[in-house]
Amino acid sequence: MTAADCRGWTMTEQEGADWIPPGADLSRPSAARIYDYLLGGAHNLTADREVARRLEAIQPQVAAVARRNRAFLRRAVRFLLDQGVRQFLDLGSGIPTVGNVHEVAQATDPAAKVVYVDYEPVAVAHSRMLLKGNSNAAAVEADATDTDAVLQAEATKRLLDLGKPVGLLAITLGHYLPDVSEIFKNYREVLAPGSHLALTHLTNDFAVLNDPRVAETMRSTQDHIFPRTKSEVLALFDGFELVEPGLTTSANWRPDRLAAVVDPEEDGLYAGVGVKR
């Protein structure tokens, strides 16, 4: 199914889709489904599209920011694979779309293990549909801020060996949380040396997304946003040593060789990868 296939669907028509779990609240937009729409995905609802279009009216570059963020995720996973990492914990993973972590990782090593974590029922339900038959990947329905719930989940314990390096992915997660001071520290403490943290985070430091109407629009969803400054994002890497080029923007972190340079003012997201020594 393509994005074009779903553009004309009504809420009622989508309620019958097999990727929506029974009892899911379809009346309130979610960041995961808005992000899916901005990436051209088909797993979003009328309410999500309305918010996405309001965001695009405020800032026409918002879909480009989403695409650059997704491209960073793929490059970060490939980098971690080059470092020998073969297991990944993807926090706030959202709705699966092209270039998922397991697709990138298992293209290099079919035995690579991936655990997706999200609290959004639609995201988890669709992830589980996508992963049927894949014994090396699973989706956990949990709040990423609840470290114990994530790490003690059956799928996590079955797939991940915390005695070996893990790629901890927090792509556009932190800016949905009002307090992130302890979250990544709690994960770091249980991860083995050689584990990495890869994250992106919304900021008001750059022009592209610093319009206050962006945050105001997101207040109509179940996911409010809390942009942070460069120093605040750097603090999230406490206990991790940033790899080159340090904390930069999503498009400019180890870009593909032929990729055009993107002005940070047009990028909107800080991005970085750190290693636990």
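Residues numbered from 1 in each chain as written. Predicted model: local features only at pLDDT ≥ 70, side-chain atom pairs only at ≥ 80, totals over all residues. Heavy atoms only, no water.

Thoughts on the overall build of the protein
At step 1: Along its length, the protein carries twelve helices and eight strands.
At step 2: Taken across its 277 residues, the protein has 56% of its residues classed as buried.
At step 3: Of the roughly 11900 Å² of accessible surface on the protein, a fraction of 50% belongs to carbon and sulfur atoms.
At step 4: Across the protein, the mean location of the 29 positive side-chain charges is 4 Å away from that of the 37 negative side-chain charges. (Helix = DSSP H or I, 4+ residues; strand = E, 2+ residues; numbered from the N terminus. Buried < 20%, exposed > 50% of the residue type's maximum accessible area, 1.4 Å probe, protein only. Areas by Shrake-Rupley, 256 points an atom, 1.4 Å probe, with all protein chains shown as cover. Lys, Arg positive; Asp, Glu negative; His and termini not counted. Charge placed at Lys NZ, Arg CZ, Asp CG, Glu CD.)

Things to note about unusual backbone geometry
At step 1: Residue P245 follows E244 across a cis peptide bond; omega there is 10 degrees.
At step 2: If you trace the backbone, P245 turns up in the loop between β6 (241–242) and β7 (248–249).
At step 3: Of note in the backbone geometry, R254 takes a positive phi value of approximately 45 degrees without being a glycine.
At step 4: Considering the arrangement of structural elements, one finds R254 in the loop between β7 and β8 (269–275).

Some words on the pattern of salt bridges
At step 1: Enumeration over the complete set of coordinates arrives at eight salt bridges.
At step 2: Salt bridges sharing partners connect three or more residues here, namely R33, D48 and E120. (Salt bridge = Lys/Arg side-chain N within 4 Å of Asp/Glu carboxyl O.)

Considerations on the confidence of the model for the protein
At step 1: Averaged over every residue, the pLDDT of the protein is 90; residues scoring 70 or more account for 92%.
At step 2: Confidence over residues 1–16 falls short of pLDDT 50; this stretch has 34 contacts with residues more than four positions distant or in other chains. (pLDDT = per-residue confidence, 0-100. Contact = heavy atoms within 4.5 Å.)

Side note on helix α6 (residues 101–108)
At step 1: Every buried residue of α6 is accounted for by V101, H102, V104, A105 and Q106.
At step 2: The secondary structure elements touched by the buried residues of α6 are α5 (62–82), β1 (87–91), β2 (113–118), α7 (121–130), β3 (137–141) and β4 (167–171).

Describing the packing of aromatic side chains
At step 1: Tallied over the entire structure, the rule returns three aromatic pairs.
At step 2: For the pair F79 and W253, a centre-to-centre distance of 5.6 Å together with 90 degrees between the ring planes defines the contact as edge-to-face. With F79 in helix α5 and W253 in the loop between β7 and β8, this residue pair connects regions lying 174 residues apart in the sequence.
At step 3: For F79, a relative accessible area of 11% translates into the label buried.
At step 4: The buried category is assigned to W253, whose relative accessible area is 1%.
At step 5: One aromatic cluster in this structure is built from F72, F79 and W253.
At step 6: Looking at R254, its charged tip hangs above the ring of W253, at a distance of 5.4 Å from the centre. (Phe/Tyr/Trp six-rings, centres within 6.5 Å; stacked < 30°, edge-to-face > 60°. Lys NZ or Arg CZ within 6 Å of the ring centre and 35° of its normal.)

Regarding the pairing of strand β5 (residues 196–202)
At step 1: By the criterion of burial, β5 is predominantly enclosed, with seven of the seven residues buried.
At step 2: Here β5 shows a buried face lined by H196, A198, T200 and L202 and a second buried face lined by L197, L199 and H201.
At step 3: Pairing between β4 and β5: five bridges, direction parallel. For I171, the partnering residue across the bridge sits in β5 and is T200.
At step 4: Note on the crossover from β4 through helix α10 (residues 183–190) to β5: the handedness is right-handed.
At step 5: Where β5 lies against β8, seven bridges are found, and the strand directions are antiparallel. Counted as the bridge partner of T200 is A271 from β8. (Pairing = 2+ DSSP bridges. Right-handed = clockwise from strand over helix to strand, strands pointing away.)

So, helix α3 (residues 31–38)
Since there are 3.6 residues in each turn of an α-helix, residues three or four apart along the chain are aligned in direction.
At step 1: Of all eight residues making up α3, seven are buried, and the element is well covered by its neighbours.
At step 2: Taken residue by residue, α3 has A31, A32, R33, I34, D36, Y37 and L38 as its buried positions.
At step 3: One or two positions beyond α3, positive phi appears at G40, with a value near 90 degrees.

What about the side chain of R68?
At step 1: Position of R68 among the secondary structure elements: in helix α5.
At step 2: In this structure, R68 is buried with no salt-bridge partner, the nearest side chain bearing the opposite charge being D267 at 4.2 Å.
At step 3: Once residues within four sequence positions are removed from consideration, R68 is found in contact with Q61, S250, A251, V262, E266 and D267.

Overview of the pairing of β8
At step 1: Summarising burial for β8: seven of the seven residues are buried, a large majority.
At step 2: Of the two faces of β8, the one lined by L269, A271, V273 and V275 and the one lined by Y270, G272 and G274 are each fully buried.
At step 3: Sheet topology places β6 next to β8; two bridges connect them, and they run antiparallel. Within β8, the residue paired with E241 across the bridge is V275.

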